[in-house]
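Summary of structural features
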Amino acid sequence: MTFCYLFARLCREADIPCVVIEGLAKAAGYEVGDSENLVSQQTNRWNGVYVDGEWRLVFPLWAYSAVSGHTTGKYTLVESKGGAAREKEEQSSGVNITQLNEYYFIPDPDEFVTMAMATDPKWQLINDPYDIKKFTEIAHVRPTYFHGDVKILTENKACLHSKHGEISIGFKTVNTKWCGVLSYLLFYNDHESVNPLAKDLQLERYIMMERRSSMWIFHTRCPSVGVYKLTITCAQSEDAFFRICNFKLICNEVKERIQPLPCQVGTAGWGPSKDTSKAGLTSPSQSKGVVHTSGGRDLKFVFAVIKDLTVRTELVQNGKTSEDLRACVSHAIDVKSKLNVAVNVPAPGEYALRIHTTDTKTSEEINACNYLISSDQQSQKKKKPENKMEKQVRETMKKATEGADYTALTTAIDAFTQLDLEDRGDLTAALNRQTCLQLRRDLRDSILRQNVGVLNAAIDKAKSSDYEELLRPKIEEAEELRDHLAKLHKFAHGVLQLKQQTVSELHRYQTPPVPVHDVMLATYIMLGEPRENVKDWKSIQGVLGKLGKRSLISRVREFDTVHLTPDVIDEVDGLINSYNEEMVCLRSPAAATFHTWLTHIVQHPRYSRASDHLRSLH
């Protein structure tokens, strides 16, 4: 049996509706940028299961196994994290390995369709189904792309064409724990390129990772005509990383004498980042990693200093050392704890400004921030002023930044970035505000969903961000609800340990003892059952007999008290307070378990106080 047929059989034996879905999957044999014809050959099967009132997806094969080491042999690794490489891939079909990947159990259909597309559109379970063309064209992303809350800001396409040998790919990272750890691998395809990569051409520092707050932009410079592959990675540790997405880069023309970047900066990237504030510098005057200037113009960079530290600055250019340019850069920390860095670019070209800080307590030097300075000779040429429409887009984004409408702000930022307008600090402010609003939305949504796992994820994300203090009230609300739900689960432990057969014993009573009747009536009132459904024991028997999602144990498992009213608390208390657990247990151990659960809730301070307060108002 194949995995999907075995899984379907198991589900059906357990009375879980399950179907086998046929479609196309970007498995080990897929290579980013493959044609529609090649993609159409990537047939596979997975499952649809009916759970919790809706159809969801499961891919048992990918959940339990993977292929390691599969390569086509077409690519050569030529650059990694700014460093040179020349590692030729050997063609290999790889080996099958057993591993558990829980992502493929009930993934979000909107995410899953980017990796595996059902041939029958209805089984994609999305509002706007994909066809083979769209499935082929989109970028090749992996589950880790979704785990990290990463969003592609530029063209979401598997194949990207360069313009004069340059290609830029932008990302936004929502999960702040990922900020600072994105990196890349650059490969060259000798088989599909017109000419093999020249042996004397050593690729190093041809990709610039620009940082703009939560945005990452990978600027690729292709030194030679050909076909490349760019893999974006996320570091798990110093020695381990995840590959999160791939792009095929096609370069048909290059600039003359294209130059590498002035120096290697590693994962620190170019521009201010979260690492900059960790190094003791905040509130940068220049938010972009690339700064353009014209001949002879002095540049000034300002930061707020938040630690007791010393600073070292250097200016670097290809063909020159930092010692050669020592006189072109200076810095000083003023009485207001502001770091002022002055740069005088001596001639046209590209330069790297590197700012290093050393904490006086640890004596450890950190590369706090790097800027790429591009100087040209057109000193008289002024930048074209913004037209009326561009000014309006900028003003709209500023107003949206001051508000609390996440959707309006996101729309305004998208309009701004599509026009590639200059960031005068307003784009950085808008992106920071957007991140804060997104975190607040996540907290609010997790509160509405009332799921401990979802609450924990939203709380951790908010507390690890730069906006923890600003979000403190919402974080505390989420933490209170999480703790409350955890207590409820603890209260319900006894009920959840009951077997369905034990509950069925209650159903068999023709005329139950009064304590059993009152406890079970109180249980259904607590669960919100309409009074007409529990008006007498016969009707209570009817709801006791329900199975599946509407079974009594399932309803207790999903129960929350967030919307409980004092009237309900009083009614339940009136039904059960005449009996203790022992009295009920003598007549029915199962009913006694429900009595204990109800007593915990009724006597909890949160509800007894609310009930007393309402009575005092009357």
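For every chain, the first residue of the written sequence is number 1, and numbering continues from 1 onward in sequence order. Note on the predicted model: pLDDT of at least 70 is required for a residue's local features to be given, and 80 or more for side-chain atom pairs to be given and counted; whole-chain, interface and lining totals, by contrast, use all residues. To get the side-chain values, take all heavy atoms of the structure and skip hydrogens and water.

Burial status follows relative accessibility: with a 1.4 Å probe on protein chains alone, a residue under 20% of its type maximum counts as buried, one over 50% as exposed, and anything between as partly exposed. Put simply, DSSP marks the helices as runs of H or I at least four residues long and the strands as runs of E at least two long, and each gets a number from the N terminus on. By the burial criterion, the buried members of helix H1 (residues 3-13) are Cys4, Phe7, Ala8 and Cys11. Relative to the axis of H1, the buried residues are bounded by an arc of 100° and lie together on one face. Residues of H1 that are exposed and angled more than 90 degrees away from the buried face: Leu10 and Glu13. Looking at the buried residues of H1, the elements they touch are strand E1 (18-25), strand E2 (43-51), strand E3 (54-58) and helix H3 (60-64). The arc in question is the one spanned by the directions pointing from the helix axis to the C-beta atoms. Only heavy atoms enter the contact rule, under which two residues are in contact if any of them lie within 4.5 Å.

Here the focus is empty space enclosed by the protein. The pocket and cavity definitions rest on a 1 Å grid over protein atoms only: a 1.4 Å probe that fits but cannot leave marks a cavity, an open set with protein on both sides within 12 Å along at least five of seven lines marks a pocket, and residues lining either have an atom within 4 Å of a point. Grid points are joined across faces, edges and corners, and a volume is the space filled by probe spheres set on the points. What the rule picks out here adds up to 2 cavities of 30 Å³ or more. Approximately 40 Å³ is the volume attributed to the second largest cavity. As for the second largest cavity, its lining consists of Trp46, Leu57, Pro109, Phe112, Val113, Ala116, Met117, Ala118, Trp123 and Gln124. Among the elements that line the lining of the second largest cavity, the one with the most residues is strand E8 (residues 116-118), at 3 residues. Note on residue classes: Ala, Val, Leu, Ile, Met, Phe, Trp, Tyr, Cys and Pro are nonpolar, Asp, Glu, Lys and Arg are charged, and everything else, Gly too, is polar. Taken together, the residues of the lining of the second largest cavity break down into 9 nonpolar, 1 polar and no charged.

Another aspect to go through is the nonpolar core. For the purposes of this section, nonpolar cores are sets of buried Ala, Val, Leu, Ile, Met, Phe, Trp, Tyr and Cys residues that join through side-chain atoms within 4.5 Å. By size, the foremost hydrophobic cluster in this structure holds 55 residues, and its most contacted members are Met520, Met526, Leu544, Val572, Phe594 and Trp597. Excluding anything up to four places from it in sequence, Phe594 contacts Val495, Leu498, Leu506, Val519, Met520, Thr523, Leu552 and Val556. Within the second largest apolar cluster, 44 residues are counted, among which are Met115, Ala118, Leu197 and Tyr228.

Here we take up the layout of surface pockets. The method is simple in principle: a probe with the dimensions of a water molecule rolls over the atoms, and the space it marks as empty is what remains. Roughly 1,300 Å³ of volume is contained in the second largest pocket. Considering the residues around the second largest pocket, the lining is formed by 38 residues, among which Ala28, Ala66, Val67, His140 and Arg142 are closest to the centre. When its residues are assigned to classes, the lining of the second largest pocket shows 18 nonpolar, 13 polar and 7 charged.

Bringing the environment of Leu153 into the picture now. Residue placement: Leu153 occurs in the loop between strand E10 (150-152) and strand E11 (159-161). Leu153 gets classed as partly exposed once you look at its relative accessible area, which sits at 36%. Separated by 17 residues in the primary sequence, Leu153 and Gly170 place their C-alpha atoms 5.1 Å from one another. With residues near it in sequence (within four places) discarded, Leu153 still touches Gly170, Phe171, Lys172 and Met215.

Attention shifts here to unusual backbone geometry. Residue His164 is not a glycine yet carries a positive backbone phi of 55°. Note on placement: His164 falls in the loop between E11 and strand E12 (166-173).

Fitted lines through C-alpha atoms give the axes, limited to the stretch in contact for helices. The angle between two N-to-C directions lies from 0 to 180 degrees. For the pair helix H18 (residues 566-576) and helix H20 (residues 589-603), interaxial distance at closest approach is 10 Å and the crossing angle is 135°. Considering the angle they form, H18 stands oblique to H20. Pair H18 / H20 crosses with left-handed handedness. Packed against H18, whose contacting residues are Ile569, Val572, Asp573 and Ile576, the element H20 presents His595, Leu598, Thr599, Ile601 and Val602 at the interface. Across the contact of H18 with H20, the residue classes tally to 6 nonpolar, 2 polar and 1 charged. For classification purposes, angles smaller than 35 degrees are called roughly parallel, those larger than 145 roughly antiparallel, those between 65 and 115 roughly perpendicular, and all remaining angles oblique. By definition, turning the near helix anticlockwise from the far helix through less than a right angle yields a left-handed crossing, and turning it clockwise yields a right-handed one.

We now examine the environment of Leu419. Mapping Leu419 onto the fold places it in the loop between helix H9 (406-418) and helix H10 (426-449). Separated by 145 residues in the primary sequence, Leu419 and Lys274 have C-alpha atoms spaced 26 Å apart. Ignoring sequence-local partners within four residues, the contact set of Leu419 consists of Met389, Glu390 and Val393.

Here we take up the sheet that holds strand E23 (residues 338-344). Sheet architecture is open: 4 strands sit in the order E18-E20-E23-E22, paired in antiparallel fashion. Every other strand in the sheet has two partners, leaving strand E18 (281-282) and strand E22 (329-333) as the edge strands with one partner each. Pairs of strands are assigned from DSSP output, requiring at least two bridges between the strands. With 2 bridges joining them, E18 and strand E20 (residues 298-305) adopt antiparallel strand pairing. Each residue of the ladder has a partner; that of Thr282, found in E20, is Ala304.

With that settled, the discussion passes to the pairing of E3. As paired elements, E2 and E3 share 5 bridges and run antiparallel to each other. Paired with Tyr50 across the strands is Trp55, a residue of E3. The antiparallel hairpin formed by E2 and E3 contains 2 residues in its connecting segment, where Asp52 sits at a positive phi of about 50°.

Bringing the packing of helix H8 (residues 388-402) against H9 into the picture now. Where H8 contacts H9, the two axes come as close as 9 Å, and the packing angle between them is 150°. By the angle between their axes, H8 is roughly antiparallel relative to H9. Between H8 and H9 lies a crossing of left-handed hand. Residues Val393, Arg394, Thr396, Met397, Ala400 and Thr401 of H8 pack against Ala408, Leu409, Ala412, Ile413, Ala415 and Phe416 of H9.

Let's shift gears to the confidence of the model for the chain. Should the pLDDT be low somewhere, the predicted coordinates at that spot are not to be read in detail. As a per-residue measure, pLDDT tells how confident the predictor is, with possible values from 0 to 100. With 90% of its residues at a pLDDT of at least 70, the chain reaches an overall mean of 84. Note that pLDDT drops below 50 for residues 613-618; the model gives that stretch 3 contacts with residues more than four away or on any other chain.

When a carboxyl oxygen of Asp or Glu is within 4 Å of a side-chain nitrogen of Lys or Arg, the pair counts as a salt bridge. Scanning the entire structure with this criterion turns up 21 salt bridges. Put simply, Glu192 and Lys74 hold a salt bridge, and the shortest N to O gap is 4.0 Å. With Glu192 in the loop between strand E13 (182-189) and strand E14 (207-212) and Lys74 in the loop between strand E4 (65-68) and strand E5 (75-80), the pair connects residues that are 118 residues apart, well separated along the chain. Between Lys474 and Glu477 there is a salt bridge, with its nearest N and O atoms 3.4 Å apart. Here Glu477 and Lys474 lie together in helix H12 (residues 472-491), a separation of 3 residues that amounts to about one turn. One salt-bridge network, in which partners are shared between bridges, spans Lys74, Glu192 and Lys248.

What follows is about a nonpolar patch on the surface. Patches were defined on residues exceeding 30% relative accessible area and lacking a salt bridge, with like-charge contacts within 9 Å and nonpolar side-chain contacts (Val, Leu, Ile, Met, Phe, Trp, Tyr) within 5 Å. Surface accessibility follows the Shrake-Rupley procedure with a 1.4 Å probe radius. Residue values consider only the protein chains on display as shielding. Where nonpolar side chains cluster on the molecular surface, the patch consists of Met1, Tyr5, Leu6 and Leu10 and spans about 460 Å² of accessible area. Mapped onto the fold, Tyr5 is located in helix H1.

Let us now look at the sheet that holds E2. Taken together, 4 strands build an open sheet; the order of strands is E3-E2-E1-E8 and the sheet is antiparallel. Among the strands making up the open sheet, the edge pair consists of E3 and E8. Along the sheet, successive strands turn relative to each other by an average axial angle of 45°, direction set aside. Bridge count between E1 and E8: 3 bridges; the pairing is antiparallel. The residue of E8 that forms the bridge with Ala25 is Ala116.

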